[in-house]
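Each chain, letter by letter, is given below.
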Amino acid sequence: MHFLSLENIELKKILKIVTFAIDLKKNFQKINDKFNNFMAANIFLEPSTRTYTSFKIAENKLGIKSVDFFKNNSSIEKNESLFDTTETLKALGFNLFVIRSEKNKYYEELLKIKDISIINAGDGNLDHPSQTILDLMTIYEHFGTFKDLNIAIIGDLNYSRVFLSNYKIFKRLKTNIFCVSIEEKISKLKVKNYKLSEIIEKIDVFIFLRVQRERHKISISNDYNDFFGLNEKNIKKIKDTAIILHPGPVNRDVEISSKVLDNDKRIKILEQVKNGIFARITIFLYCLNKLT
Ligand code: CP
């Protein structure tokens, strides 16, 4: 089974993945199976720290053998296509493909290749489904529900892959979503663009998104943090019960000021990172039809 986008997975199943991963975090011993017959190719054509490393840890914990392919250590550097690379690696015995690419829906052309699972570790500015699972975990662990939560997604929405991935699932979960985009128009969706200052007091979950300097030419103005970020001044306005998320890496003092980032108890960014391991173990189990 593939794991490409949460759009193709029914809500009940997504919630099963989230609660299974939370359970796994509490009691890792429950996984007795080892998957020694599986080989994973981690193909990362864009840089990654969190996603790559947590998939790698997940593979190790499940006994899945893995080999890493980055742009500069594979024949992709010599213009071999992703399709030919995947077929070649399948011929060498790989059956799980964890892939990050700058190309939107890169996986579509790979679906012709039978008997492999493709796990989307991020495509272009469209989707980051494993990040969304760990974000859902972090929210559910804190609130025990998604019902009636006010969720704000703030930052470089037009160029972020986390934005659309998260927005769509929050919509399906019927949460109240407030988008705060650094650009006037939110190109991907017809939704209102709020100001952070007008909603800050009622938000339960803040998701700050990184300015994607690698995807578009944008200069970050000196007052970015005043309008689109958290700082020592506006942090006083947020609910005590709120949580603050960011997929990382954070541009310090841009999305969140260093003082807030390092000291505020409502920051759950490293909890998100930890949850990434359990989310990704569960995603492998889902792909291997072992999610009971
Ligand atoms: N959140 C995220 O995808 O981080 P990395 O780019 O470090 O994997």
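Everything below is about the structure shown above.
Rules of the game
- Starting from 1, residues in each chain are numbered consecutively following that chain's sequence as written.
- Owing to the predicted nature of the model, reporting of local features is limited to residues with pLDDT of at least 70; listing and counting of side-chain atom pairs is limited to 80 or more, with chain, interface and lining totals taken over all residues.
- In computing side-chain values, all of the structure's heavy atoms are included and hydrogens and water are not.
- Where helices and strands are cited, they refer to DSSP runs of H or I of at least four residues and of E of at least two residues respectively, numbered from the N terminus.
- The cut-offs for exposure are 20% and 50% of the maximum accessible area for each residue type, with area from a 1.4 Å probe on protein chains only; residues under the lower value are buried, those over the upper are exposed, and the others partly exposed.
- Residue contacts are counted whenever heavy atoms from the two residues lie within 4.5 Å of one another.
- Given a helix with a known number of residues, its expected span is that number minus one, times 1.5 Å.
- In this analysis an axis means a line fitted to C-alpha atoms, helices contributing only their contacting stretch, and an angle means the value between N-to-C directions, from 0 to 180 degrees.
- Throughout this description, any angle smaller than 35 degrees is read as roughly parallel, any larger than 145 degrees as roughly antiparallel, any in the 65 to 115 degree range as roughly perpendicular, and the remainder as oblique.
- In this scheme the crossing of two helices becomes right-handed for a clockwise turn of the near helix relative to the far one and left-handed for an anticlockwise turn of less than a right angle.
- By the convention adopted, Pro, Cys, Tyr, Trp, Phe, Met, Ile, Leu, Val and Ala count as nonpolar, Lys, Arg, Asp and Glu as charged, and the other residues, Gly among them, as polar.
- For this analysis, a polar contact is any N or O atom pair within 3.5 Å, provided that within protein one partner can donate a hydrogen and the other can accept it, and provided that sequence-adjacent residues contribute only side-chain to side-chain pairs.
- Each pair of aromatic rings taken from Phe, Tyr and Trp, with Trp reduced to its six-membered ring, is defined by centres within 6.5 Å and is described as stacked if the planes are under 30 degrees apart, edge-to-face if over 60, and tilted in the remaining cases.
- Distance and angle both matter: a charge sits over a ring if NZ of Lys or CZ of Arg is within 6 Å of the ring centre and within 35 degrees of the ring normal.

A. Representation of the environment of Val-260. Residue position: Val-260 is located in helix 8 (residues 258-263). For Val-260, a relative accessible area of 4% translates into the label buried. Between the C-alpha atoms of Val-260 and Lys-61, which are 199 residues apart in sequence, the distance is 34 Å. Not counting the four nearest positions on each side in its chain, Val-260 is found in contact with Leu-230, Asn-231, Glu-232, Ile-235 and Ile-267.

B. Quick look at helix 1 (residues 11-26). Counted at 1.5 Å a residue, the expected span for helix 1 with its 16 residues is 22 Å, and the 23 Å between its end C-alpha atoms agrees. Of the positions making up helix 1, those classed as buried are Ile-14, Ile-17, Val-18, Phe-20, Ala-21, Ile-22 and Leu-24. Buried residues in helix 1 make contact with helix 4 (129-143), helix 5 (161-172) and helix 9 (269-287).

C. Fine view of the packing of helix 4 against helix 5. Here helix 4 crosses helix 5 at 50°, and the two axes come no closer than 9 Å. It follows that helix 4 is oblique to helix 5 by the angle criterion. Crossing of helix 4 against helix 5: the hand is right-handed. Contacts between helix 4 and helix 5 pair Pro-129, Gln-131, Thr-132, Asp-135, Leu-136 and Ile-139 from the former with Val-162, Ser-165, Asn-166, Ile-169 and Phe-170 from the latter. Taken together, the residues of the contact of helix 4 with helix 5 sort by class into 6 nonpolar, 4 polar and 1 charged.

D. How the structure looks around the side chain of His-246. Tracing the sequence through the fold places His-246 in the loop between strand 8 (243-245) and helix 8. On the basis of relative accessibility, which here comes to 1%, the residue His-246 falls in the buried class. Here the side chain of His-246 touches Gly-248 through a polar contact of 2.8 Å, landing on its backbone nitrogen. Engagement of the side chain of His-246 in a polar contact is seen with the side chain of Glu-255, the distance being 3.1 Å. Look past the residues within four positions of His-246 in its chain and what remains in contact with it is Phe-208, Leu-209, Arg-210, Glu-255, Ile-256, Ile-269 and Gln-272.

E. Here's a closer look at the packing of aromatic side chains. With the rule as written, the count across this model stands at 13 aromatic pairs. Centre to centre, the rings of Phe-3 and Tyr-286 are 6.2 Å apart; their planes meet at 75°, and the pair counts as edge-to-face. Of this pair, Phe-3 sits in the segment before helix 1 while Tyr-286 is found in helix 9, placing the two residues 283 residues apart along the sequence. Neither Phe-3 nor Tyr-286 differs from the other in exposure class; each is buried. An angle of 80° between the planes, with centres 5.6 Å apart, marks the rings of Phe-44 and Tyr-52 as edge-to-face. By relative accessible area, which is 2% here, Phe-44 ends up buried. A connected cluster of aromatic rings, assembled from ring pairs, spans Phe-44, Tyr-52 and Phe-70. Here the basic side chain of Lys-61 rests over the ring of Phe-28, its NZ or CZ set 5.3 Å away from the ring centre. Sitting above the plane of the Phe-55 ring, Arg-280 keeps its charged end 5.2 Å from the centroid.

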